[in-house]
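Report on the structure
Residue strings, one per chain:
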Amino acid sequence: PLDEDEFLAVNDSGRLSRIQFRNSDVPHLAEVNSVSLPQPVDVAPIVADGHLFIADAAGKLTMSDLSNLETLSEVTLAAPASNRLWFVDGSLFVESGRRSLREFRAENGQLNPGWTLPLDGNSLAGAPLTVNGRLVVTLKNGALLSLDRLEGRVLDESVIKQPLAI
């Protein structure tokens, strides 16, 4: 949902639509605008900071204007997104092919690549969190990583001897 009256929908043919509930003579749903996506979408798009972020099956990451669905910026990932997209404290985080966690900043209508954290075949167990100025990342193999927020450098690592699912 975008708000109490609007939501986004993607169908299996790659059409992204902004839908609005209208309560005129007869309550109904109306398509406000739509765009055709060039590739299927395997992970759910997210809305943050007035933008729509989409990672498609071909490994393209796009940032679009939420009001008109116009593409503002596009980058090519090393591999398609292999987990959800997360937006935390002004940064977009993308797990790419279970090989790396990529950080992007959405600034001035552009997706600016930041740091990359190798994942060595692991996968995130849930959304990254900011705690005391650090980024905390949990991996499904039981690793808890505390990262430098600006550089993505591992500052501390703990291992729980249990697989994690958050």
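Here the residue numbers are simple positions, counted from 1 along each chain's written sequence. Given that this is a predicted model, residues contribute local features only at a pLDDT of at least 70 and side-chain atom pairs are listed and counted only at 80 or more, while totals for whole chains, interfaces and linings are drawn from all residues. Only hydrogens and water are removed before side-chain values are computed, so all heavy atoms of the structure are retained for them.

Examining the side chain of E6
Test applied: Only DSSP runs of H or I reaching four residues or more are called helices, and only runs of E reaching two or more are called strands; each is numbered from the N terminus. Throughout, a residue-residue contact means that at least one pair of heavy atoms, one from each residue, lies within 4.5 Å.
As for its position among the elements, E6 is in strand β1 (residues 6-10). The contact partners of E6, leaving out residues within four places of it in the chain, are P1, R18, I19, Q20 and V32.

Side note on the nonpolar core
In plain terms, the rule: In this description, a nonpolar core means a group of buried Ala, Val, Leu, Ile, Met, Phe, Trp, Tyr and Cys residues linked to one another through side-chain atoms lying within 4.5 Å. Note on exposure labels: buried denotes an accessible area under 20% of the residue type's maximum, exposed denotes more than 50%, and partly exposed covers the range between, all computed with a 1.4 Å probe on protein chains only.
Ranked by size, the top nonpolar core spans 16 residues in total, and within it F53, L61, L85, L92, V94, F104 and L111 carry the most contacts. Where this core is concerned, the elements lending two or more residues are β4 (46-48), β5 (51-55), β6 (60-65), β8 (81-88), β9 (91-96) and β10 (100-107). Contact partners of L61, with chain neighbours within four places excluded, come to I54, A55, S73, E74, V75, L77, L92, V94, F104 and L111. In terms of nonpolar packing, the next biggest core, distinct from the first, is built from 14 residues, L101, L119, V137 and L147 among them.

Focus on the pairing of strand β11 (residues 110-118)
Note the cut-off: For two strands to pair, DSSP has to find at least two bridges joining them.
Judged from the 7 bridges that link them, β10 and β11 form a sheet pairing that is antiparallel. The partner of S100 across the bridge, within β11, is P118. Taking the residues that link successive antiparallel strands as the turn, the β10-β11 hairpin has 2 residues, and the phi of N108 there is positive, at about 50°.

Focus on the side chain of S91
Rule in force here: Pairing of N or O atoms within 3.5 Å defines a polar contact, subject to two protein rules: one partner must be a possible hydrogen donor and the other a possible acceptor, and residues neighboring in sequence count only if both atoms are side-chain atoms.
Within the secondary structure layout, S91 lies in strand β9. Residue classification places S91 among the buried residues on the basis of a relative accessible area of 0%. Here the side chain of S91 touches R149 through a polar contact of 3.1 Å, side chain to side chain. Among residues more than four places away in sequence, those in contact with S91 are W86, E103, F104, R105 and R149.

Observations regarding the packing of aromatic side chains
Which entries qualify depends on this criterion: Centres within 6.5 Å are what make two rings of Phe, Tyr or Trp a pair, Trp counting through its six-membered ring; a difference in plane orientation under 30 degrees is then read as stacked, over 60 as edge-to-face, and the rest as tilted.
One pass over the full model with this rule turns up 2 aromatic pairs. Taking the centre distance of 5.6 Å and the plane angle of 25° together, the rings of F53 and F87 count as stacked. Taken together, the residues F53 in strand β5 and F87 in strand β8 connect sequence positions 34 residues apart. Aromatic side chains F93 and W115 sit 5.7 Å apart centroid to centroid with 45° between the ring planes, which places their arrangement in the tilted category. On the criterion of sequence distance, the pair formed by F93 in strand β9 and W115 in strand β11 is long-range, its members being 22 residues apart. Considered together, F93 and W115 belong to a single accessibility category, that of buried residues.

What to know about the sheet that holds strand β15 (residues 154-159)
Strand pairing within a sheet occurs via backbone hydrogen bonds; the two strands may be parallel or antiparallel. Our working rule: Every angle, taken between N-to-C directions, lies between 0 and 180 degrees, and every axis is a line fitted to C-alpha atoms, over only the stretch in contact when it is a helix.
Pairing within the open sheet is antiparallel, and its 4 strands lie in the order β12-β13-β14-β15. Strands with a single pairing partner mark the edges of an open sheet, and in this sheet they are β12 (129-131) and β15. For this sheet the average axis-to-axis angle between neighbouring strands, irrespective of direction, equals 25°.

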